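What follows is each chain in one-letter form.
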Amino acid sequence: MGFMLLVLAIVGALGLGVLGFLVAMGQSRRLSQLEDEVKTLVALLEAGRGGAAADEPPQPKPAPEAPKAAHIRLPRAVKAPPPPSEADEPAGTVPPDGPATPPPPDAELPVPPPPPRLSLEERFGTRWLVWTGGLALALGALLFVGYAIERGMLGPKVRIVLGIVLGLALAGVGEWLRRRERQSEISVLPSAHIPSVLTAAGTIALFGSLYAAHALFGFIGPTLAFLLLGLVAMGTMLLAALHGPALAGLGLVGSLVTPLLISSSSRSAWPVVLYLAFVALSAYGLARLRRWLWLAVTVVVGVVVWGLAFDATAFGTMGLRDLAPLAHVAIQLALAAVFIAVEPHLGRPDEDARLDRVAAGVLAALVLLAVLTLSVSPHGSGWMLLAGVMVAVLVGTSVVSAPAASAATLAAVLVAGVLLAWPMDRAIPSYATGLMPLVALALRIPDSLQLYLVHGGLLMAGVAVVSAWRLGQGLLLPTRTAAAYAVAAATGPVIALAIAYLRITQFDHSLRFAVLGTVLSLVMAFAASRFRTAEAAAPTPAIRLGTGAFAAAAIAAFAFALVCALSRGYLTVALALSAAGTAFVASRQDIPALRGAVMALGVVVLGRLAWDPRIMGGDVGTTPILNWLLIGYGVPTLAFAYAAAELRKVRDDDALKITDALTVLFAALLVVFQIRHLVTGGDPLRAGTDHFEQGLLAITAILFAYVLARLDSARANVVFRLGSLVAGLIAAALIAFGLGIGHNPALTNEPIYGRGLASSLFVAYLLPAVGLAWLASRVREVRPAWYVNGANALALCLLFAYVSLEIRHLFQGARIGVGRHTSEAEQWAYSAGWLAIGVGLLAAGVMRQSREMRLASALIVVLTVLKVFLIDLSVLQGLWRAVSFLALGGVLLALALVYQRLVFRDGARAASAPPPADSAGAS
């Protein structure tokens, strides 16, 4: 612990030193700019006076000059005096000889021509060769040292000394070439800088040599290694400021790769962690000094990759079980916060505090790395201390720098990660759990409940209180910036309490958490009232956002308390009710940020459903419909339907569309799982299905397609439009692949329930056929032609399959596999049934004047004719063959008569009528 505190103190001191150096450099740069501006203004004043003196006639007694003190305050801009007019000349003054020429206007500076575009050959000779040469030089030096080590030519001390000498020599040669380049009159091409590359190679050699002297051979202790690496880092920063980005890029990449090139038998990661801290410190300082944002982002990428490597080593077979990886994340998070999130925005007022997306992305990447590292690091006082330090860094960053307000939200995320990554008890809970088995094993009870609650509660309370205070102070904050503070202050505690409830009770009934939820609800209501009072005095968007956020959090916490108090209540219901309450507040207060919170809660509820679709545990009851699924899915459906209605009162935006989509999705899941519950006898997650369930699901999809089409016609909502199309496609997939192939009783030989016409085939095939035909007739005007025609075609296929399967069921019994023997009577019955379909479709087509039905009838009749002539003729014998052909002939003649008398009656009469008189005469 003492060593770790020493490390943190040294790094903090170096950080403050570099920060002071940066401030001094910035002030020096500003003073230089002011001096240049003063010189320019003085020159303009002198030029203006000289021109005015040349235009004026000589005076007998010139006035004395003004004292020097009059020139202390200079104007911001000097304008040339206007040319004197005749009216301005005093009486009796003799104008000079010749016309007075006014001073010429300020000539515009010529725009420099754009630099010439380099050809491929120029790029090759001036850039690629230099970069490749610098890299080859550095690698060659390392390979030569490796060869000398293998041959026993160089001892450890000699290697270290030679490496330092080589690094200093390369850096010296690079600086000498840079100075010679400035003294010469030869113009330098805009190419890769050779002095910079040489200096970069020297930097790599120095870094590697000092690191090896400390970590591999132990020639220097930690303190001296820190000092030397710090000096090299600072020197690299200064040299890169002179040489340009070539040195910065190569030096950073080489510094990050150096530990990989040097092998070590040490199992501790502390030397690498401290080495990376100094590398990042110098690179951040250079990035801020030269305004190289790319360099700072590259640093973050490198340290994140190293952090993942540490985590993989700790989790794998290497057995790295110390706090070095966690300290690496803490140090890098602090450095990134200072140089990327804080220093660029110092002194920026709240009204200009737009969210810094780069800073948010950098901190988010490091927070995710921190959560992963916490889960693989050994737990103890150091673990909790470093977790608290990282949370404090994020909270402090959000307070000092308003554009980095996302750090407050990330602090709440980190606290949630701490609660999830807290070590677990090895014993599996003895009581019944409401989670799936794998989830229950992954999230067991924490090892120390009291310490778990105290530590997590203090961290989240600190984040919430500081974020709420900063939000209250920022009256002029932009809406998005204020939303980051509001999310951390209002949403963070609710989520933390829910995670603790999950870890400790495994979603079981808990009066203690019900009390905690009630207390949190009262605290949030108090905060909402305070912000409401402040809103009355200063009705700014930021304060109004705080009022709505805390009001929504109060509703969410109270819903959580109710769920904990109920014996079968779970977090899903609480989150859904919270979404409804948030939508109510968002519509009444007209707070756009809360509309996004409704979407976020919907995504969380959806994730909870994906986690455990049963929601209410393994025992949901055996009663159809009236079971716990009705609460688990019905309440979210109603809650999001209400939320959509509230959001629709204000405006139609993405939040409303997503809420509508969630309503449709939860309603669909409710029906689907109720079907699964009915078919499986109470276990909706039991594996396996059959044609009966496939038919019920197809009917459900058809009904959803129709309802959504009607809602789309009434509201012109793209969500309902796409939902209707998707539901129709799902129905088609269930019919084609489920009923047609995967669970067709004729192909799978699975049993058919029921007897006669009241069998499972009626539900699986006939009802979906009727539903598709009805859907096609209802949405003909509002859906594409392919949609309507496809529904009609699938309806015809289902009707044909139902008649065929039902005939086989009547002859074969419960199992109708194709391998079973088919009698002659059954063969004839197929022909008769198909003809019956054709006759029925023709009758319906004539009555409804539907050409599509008549064409479907013709298709079935043609199929029956082919069957009779190709199959019945060869399979049937005796009377059955004769009856088959006689019945076919009689039906075909009857159909022809129908076509002649009813379908084409007008055409037949026109063909048999006598020609007109003029036509007869003409003939």
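Before reading on, note that the structure itself is shown above.
Computed from a predicted model, the values in this text were never measured in an experiment.

Participant: Looking at this model, I keep getting lost on the overall build of the protein. Mind explaining?
Facilitator: When you go through the protein residue by residue, the secondary structure sums to 31 helices and two strands. Taking all contacts inside the protein whose residues are at least 6 apart in sequence as the whole, residues at least 24 apart take part in 73%. Carbon and sulfur atoms make up 68% of the accessible area of the protein, which totals about 47,300 Å².

Participant: Quick question: what am I supposed to make of a nonpolar patch on the surface here?
Facilitator: Taken together, V862, L866, F869, L870, I871 and V875 make up a surface patch of nonpolar side chains, about 540 Å² in accessible area. Along the polypeptide, L870 turns up in helix α28 (residues 851–875). The class for L870 is exposed, based on a relative accessible area of 62%.

Participant: Teacher, can you tell me more about α28 here?
Facilitator: In an α-helix, one full turn covers 3.6 residues, which means residues spaced three or four apart are oriented alike. Compared with an ideal rise of 1.5 Å per residue, which puts 25 residues at 36 Å, α28 spans 35 Å between its outermost C-alpha atoms and is within 8% of the ideal. The largest bend in α28 is about 35 degrees, located at V868. Of all the residues in α28, the buried ones are A856, S857, I860, V861, T864, K867, V868 and D872. On its buried face, α28 sits against α26 (785–812), α27 (824–848) and α29 (878–903).

Participant: I'm lost on the packing of aromatic side chains in this one. Help?
Facilitator: With the rule as written, the count across this model stands at 14 aromatic pairs. Ring pairs connect the aromatic residues W383, W422 and Y452, which therefore count as one cluster.

Participant: Explanation requested: the pattern of salt bridges in the structure shown.
Facilitator: When the charged atoms of two side chains lie near each other, side chains of opposite charge can form a pair. Per the stated rule, a full pass over the model turns up 13 salt bridges. Here E646 ties to R588 by a salt bridge, and the two come within 2.8 Å at their closest N and O atoms. Of the two residues, E646 is situated in helix α20 (residues 628–648) and R588 in helix α18 (residues 571–589); the sequence distance between them amounts to 58 residues. Given the relative accessible area of 3%, E646 is considered buried. Taking the relative accessible area as the measure of exposure, R588 reaches 46% and is therefore partly exposed.

Participant: It is not clear to me how the environment of T533 should be interpreted in this structure. Could you clarify?
Facilitator: Along the chain, T533 falls in helix α16 (residues 511–537). Taking C-alpha positions, T533 is 9.6 Å from I543, a pair spaced ten residues apart along the chain.

Participant: What exactly am I supposed to notice about the side chain of H691 here?
Facilitator: Relative to the assigned elements, H691 resides in helix α22 (residues 691–715). With a relative accessible area of 0%, H691 lands in the buried category. Here S760 takes part through its side chain, which lies 2.7 Å from a polar atom of the side chain of H691. Sequence-distant contacts of H691, that is, excluding residues within four places in its chain, are made with L739, H743, P745, E750, P751, I752, S760, L761 and A764.

Participant: Honestly, unusual backbone geometry in this entry has me stumped. Any pointers?
Facilitator: Among all residues except glycine, the phi angle is most often negative; among peptide bonds, the trans geometry is most common. Despite not being glycine, A716 has its phi angle at roughly 55 degrees, a positive value. Note on placement: A716 falls in the loop between α22 and α23 (718–742). For Q849, which is not glycine, the phi torsion reads 55 degrees and is therefore positive. Within the secondary structure layout, Q849 lies in the loop between α27 and α28.

Participant: What is the right way to read the packing of α27 against α29 from this model?
Facilitator: What describes two packed helices is the angle between their axes and the distance between those same axes. The geometry of α27 relative to α29 is characterised by a closest axis approach of 10 Å and an angle of 5 degrees between their N-to-C directions. The orientation of α27 relative to α29 falls into the category roughly parallel. Together, E824, A825, W828, S831, L835, V839, L842 and V846 of α27 and W880, V883, S884, A887, L888, V891, L895, V898, Y899, L902 and V903 of α29 make up the contact between the two elements. Its residues placed into classes, the contact of α27 with α29 shows 16 nonpolar, two polar and one charged.

Participant: Looking at this structure, I do not really get the side chain of T481. What am I missing?
Facilitator: Note that T481 resides in helix α15 (residues 479–505). Assessed through its relative accessible area of 1%, T481 is described here as buried. If sequence neighbours within four positions are ignored, T481 has contacts with A353, R354, L355, A402 and A405.

Rules behind the numbers
- Each chain carries its own residue numbering, running from 1 in the written order of its sequence.
- Where totals are concerned, whole chains, interfaces and linings use all residues; where local detail is concerned, this predicted model gives features only for residues with pLDDT of at least 70, and gives and counts side-chain atom pairs only at 80 or more.
- By convention in this description, side-chain values take in all heavy atoms of the structure and omit both hydrogens and water.
- Each helix is a run of DSSP H or I of at least 4 residues and each strand a run of E of at least 2, with the numbering of both proceeding from the N terminus.
- Here, residues are in contact when the closest pair of their heavy atoms is within 4.5 Å.
- To measure how exposed things are, a 1.4 Å probe is used in the Shrake-Rupley method; for residues, cover is taken only from the protein chains shown.
- A patch is a set of surface residues, each over 30% in relative accessible area and not in a salt bridge, joined within 9 Å for like charges and within 5 Å for the nonpolar side chains Val, Leu, Ile, Met, Phe, Trp and Tyr.
- Salt bridge, as used here, is a side-chain nitrogen of Lys or Arg placed within 4 Å of a carboxyl oxygen of Asp or Glu.
- Only protein chains enter the accessibility calculation, which uses a 1.4 Å probe. A residue is then buried if its area is under 20% of the maximum for its type, exposed if over 50%, and partly exposed in between.
- Here the expected length of a helix is defined as 1.5 Å per residue gap, with one fewer gap than residues.
- The quantity called bend is, for any residue, the angle between two axes fitted respectively to the seven residues ending at it and the seven beginning at it.
- Note on aromatic pairs: the rings of Phe, Tyr and Trp (six-membered ring only in Trp) are paired at centre separations within 6.5 Å, and the planes decide the class, stacked below 30 degrees, edge-to-face beyond 60, tilted for the rest.
- Think of a polar contact as two N or O atoms within 3.5 Å of one another; within protein, one of them needs to be a possible hydrogen donor and the other a possible acceptor, and neighboring residues in sequence only count if both atoms come from side chains.
- Only the stretch in contact is used when a helix axis is fitted, and all axes are lines through C-alpha atoms; the angle between N-to-C directions ranges over 0 to 180 degrees.
- Roughly parallel means an angle under 35 degrees; roughly antiparallel, over 145; roughly perpendicular, 65 to 115; everything else is oblique.
- Lys, Arg, Asp and Glu make up the charged group, whereas Ala, Val, Leu, Ile, Met, Phe, Trp, Tyr, Cys and Pro make up the nonpolar group; the residues left over, Gly among them, are polar.

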